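Overview (structure and organization)
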Amino acid sequence: MTGREVARMAFELKEPPRFPVGLFAGGSWMVHRAGRTFAEIKDVPERIAEVFIQAFERVGHDFLLTGSNFVNYPMHFLGCPIKDDSSDSPALLGTVIQSLQDVDTLSIQKVMTNPTMQGIIRSQHLVAETIGKKTMALTTQWAPLSCAARILGLEAVMTATIGDPEGLLGLLDFSTELTWAIMEPVIEHPDILGANLADPVASGDMISPQTFRRFAAPFLKELVKRVRGKGKYSMIHICGNTSKILQDLVDIRPNCFSLEKKVDLRQAKEVLGGKVCVAGNVSPTDAFLSGRPEEVVAEAKDCVRAWGGGGGFILTLGCDFPKTVPLNNILALMSMKQWAANF
């Protein structure tokens with residue numbers, strides 16, 4: 001079976017012949033390995049696609065996130081300066097607006113008519129056309145709360161949850177529509193099978209479950225509904241310790257939830273098993289970054305054992321990973337495809 005086929009089975013809560021094994025994000029690693037900078041490739045869809053395709057051909061991951069590490073560009077097109085002259089993930093140099101009073105000045109059209117934005121969308125179609133039958137390709141974007149934090153600033157968003165909740169909800173409405181405007185044309189391609197919503201600001205390390213339920217969950221649920229309404233798969237990634245909101249994910253109804261190392265896979269299975277596929281959760285910064293391949297394999301085996309049988313699981317990293325991760329450690333993780341077949 002192809003990586004795409006086994007990953008789809010996991011998303012559908014079936015038990016494939018082996019666990020799917022994937023890379024979570026990794027756009028910066030791919031650009032770095034190609035010897036490029038984001039500035040060099042961002043305006044040429046074929047160059048962007050080549051970076052992702054070459055990485056897949058070398059690594060062979062069962063699912064990939066197209067557009068990985070390109071997610072700050074929409075805020076740049078709204079007016080925020082950006083630093084992208086290296087293979088580091090492009091960094092925003094400030095915010096788009098200074099106050100929630102400025103939300104009405106934001107324009108989705110300004111983002112979507114930008115030629116570079118259109119090229120980034122086109123690049124994901126090129127990736128799908130080349131390798132989309134072999135691996136499960138999902139587009140990725142910031143989820144609404146994390147998008148809002150990049151438009152207004154993290155501290156201002158956190159303050160607004162208490163000081164101006166209605167104003168923040170207005171910004172979250174805009175962020176939801178912006179995210180959808182970008183994702184919708186990408187997932188129209190038949191070999192882009194769905195979308196991932198990355199929401200680090202919704203982490204349990206940053207906000208309470210009550211704050212999550214008011215300012216993150218409704219907007220995630222709306223986008224999941226839209227993605228599923230297109231007949232596509234939805235995935236959510238939230239960094240940090242999300243143990244206290246696992247039950248909320250059952251209500252939000254993504255096909256898959258990607259979680260970090262701080263969450264015990266046994267607990268995740270108790271809550272989500274048979275309801276939501278789980279992806280995780282090898283640490284991207286411990287052995288994977290600086291250890292030996294055999295240490296990566298040992299940690300990956302621990303994850304598989306923690307989950308156990310029954311399907312609905314994808315073995316991958318708990319979050320995006322540094323661009324300096326050795327190729328041998330990535331290939332060690334991919335070697336788990338053979339081990340997992342006999343688990």
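See the structure printed just above.
Small disclaimer: the values here were computed from a predicted structure and weren't measured. (Residues numbered from 1 in each chain as written. Predicted model: local features only at pLDDT ≥ 70, side-chain atom pairs only at ≥ 80, totals over all residues. Heavy atoms only, no water.)

Of regular secondary structure, the chain possesses 18 helices and 9 strands. Taking as baseline every contact in the chain between residues at least 6 positions apart, the subset at least 24 positions apart corresponds to 73%. Taken together, the 35 basic and 37 acidic charged side chains of the chain have centroids lying 5 Å from each other. (Helix = DSSP H or I, 4+ residues; strand = E, 2+ residues; numbered from the N terminus. Contact = heavy atoms within 4.5 Å. Lys, Arg positive; Asp, Glu negative; His and termini not counted. Charge placed at Lys NZ, Arg CZ, Asp CG, Glu CD.)

Within this structure, the stated rule accounts for 0 disulfides. In this structure Cys80 is not part of a disulfide, and its nearest cysteine sulfur, from Cys147, lies 12 Å away. For Cys303, which is in no disulfide, the shortest distance to another cysteine sulfur is to Cys277 and amounts to 14 Å. (Disulfide = S-S within 2.5 Å.)

Before going further, it helps to examine the sheet that holds strand E1 (residues 63–66). Taken together, the 7 strands give an open sheet; going across it, the order is E1-E4-E5-E6-E7-E8-E9, and neighbouring strands pair in parallel fashion. Only two strands of the sheet have a single neighbouring strand rather than two, namely E1 and strand E9 (313–317). When strand polarity is set aside, the average angle formed by the axes of neighbouring strands in this sheet is 25°. The strands touched by helix H10 (residues 165–187) within the sheet are strand E4 (136–142) and strand E5 (194–198), with E4 carrying the most contacts at an inclination of about 165°. (Pairing = 2+ DSSP bridges. Axes fitted to C-alpha atoms, helices over the stretch in contact; angles between N-to-C directions.)

The next thing to look at is empty space enclosed by the protein. One pass over the structure, following the stated rule, counts 1 cavity of 30 Å³ or more. In this structure, the largest cavity spans a volume of roughly 30 Å³. In this structure, the largest cavity is lined by Pro74, Met75, Gln141, Trp142, Cys147, Leu178, Thr179 and Ile182. Looking at the lining of the largest cavity, the elements with two or more residues in it are helix H5 (73–78), E4 and H10. At 3 residues, H10 tops the list of elements feeding residues into the lining of the largest cavity. Across the lining of the largest cavity, the residue classes tally to 6 nonpolar, 2 polar and no charged. (1 Å grid on protein atoms, 1.4 Å probe; cavity = no way out; pocket = protein on both sides within 12 Å on 5 of 7 lines; lining within 4 Å. Points joined across faces, edges and corners; volume = space filled by probe spheres on them. Nonpolar A, V, L, I, M, F, W, Y, C, P; charged D, E, K, R; others polar.)

Looking at where Trp142 falls in the secondary structure, it is placed in strand E4. Every residue in contact with Trp142, bar those within four places of it in the chain, is listed here: Val71, Asn72, Met75, Cys147, Arg150, Thr179, Ala198 and Pro200. In this structure the side chain of Trp142 is engaged in a polar contact, spanning 3.4 Å, whose partner is the backbone oxygen of Val71. Separated by 2.9 Å, the side chains of Trp142 and Asn72 make a polar contact. (Polar contact = N/O pair within 3.5 Å; in protein donor to acceptor, adjacent residues only side chain to side chain.)

With 5 of 5 residues buried, E5 is to be regarded as a mostly interior element. Here E4 runs beside E5; their pairing, made up of 5 bridges, is parallel. Across the sheet, residue Trp142 finds its bridge partner in E5, namely Ala198. As judged from the 5 bridges shared by E5 and strand E6 (residues 233–238), these two strands associate in the parallel manner. Bridge pairing in E6 links Leu197 to Ile236. (Buried < 20%, exposed > 50% of the residue type's maximum accessible area, 1.4 Å probe, protein only.)

On to the nonpolar core. When a protein is soluble and globular, its nonpolar side chains tend to lie buried together. Within the largest apolar cluster, 131 residues are counted, with the highest numbers of intra-cluster contacts made by Ile151, Phe212, Leu315 and Leu333. Considering each element in turn, this core owes the most residues, 12 residues, to H10. Once you skip the residues sitting within four places of it in the chain, Phe212 turns out to touch Ala202, Ile207, Ala217, Pro218, Leu220, Ile238, Ile245, Asp248 and Ile252. (Core = buried A, V, L, I, M, F, W, Y, C linked by side-chain atoms within 4.5 Å.)

This brings us to the pattern of salt bridges. Taken as a whole, this structure holds 22 salt bridges when the rule is applied. Among the ionic pairs, Lys261 bridges to Glu299, the shortest N-O distance being 3.2 Å. One end of the pair, Lys261, is in the loop between strand E7 (256–259) and helix H14 (265–272); the other, Glu299, is in helix H16 (residues 293–307), with 38 residues separating them in the sequence. According to the relative accessible area criterion, Glu299 is buried, its value standing at 12%. Three or more residues joined by partner-sharing salt bridges are found here, namely Arg4, Lys133 and Asp191. (Salt bridge = Lys/Arg side-chain N within 4 Å of Asp/Glu carboxyl O.)

Helix H12 (residues 217–229) packs onto H10 with a crossing angle of 25° between their chain directions and a minimal axis gap of 10 Å. Overall, the two elements H10 and H12 adopt an arrangement that is roughly parallel. The hand of the H10/H12 crossing is right-handed. Every residue of H12 that contacts H10 at Leu169, Leu172, Asp173, Thr176, Glu177, Thr179, Trp180 and Met183 is listed here: Phe219, Glu222, Leu223, Arg226 and Val227. For the contact of H10 with H12, the residue count by class is 7 nonpolar, 2 polar and 4 charged. (Parallel < 35°, antiparallel > 145°, perpendicular 65-115°, else oblique. Left-handed = near helix turned anticlockwise from the far one by under 90°.)

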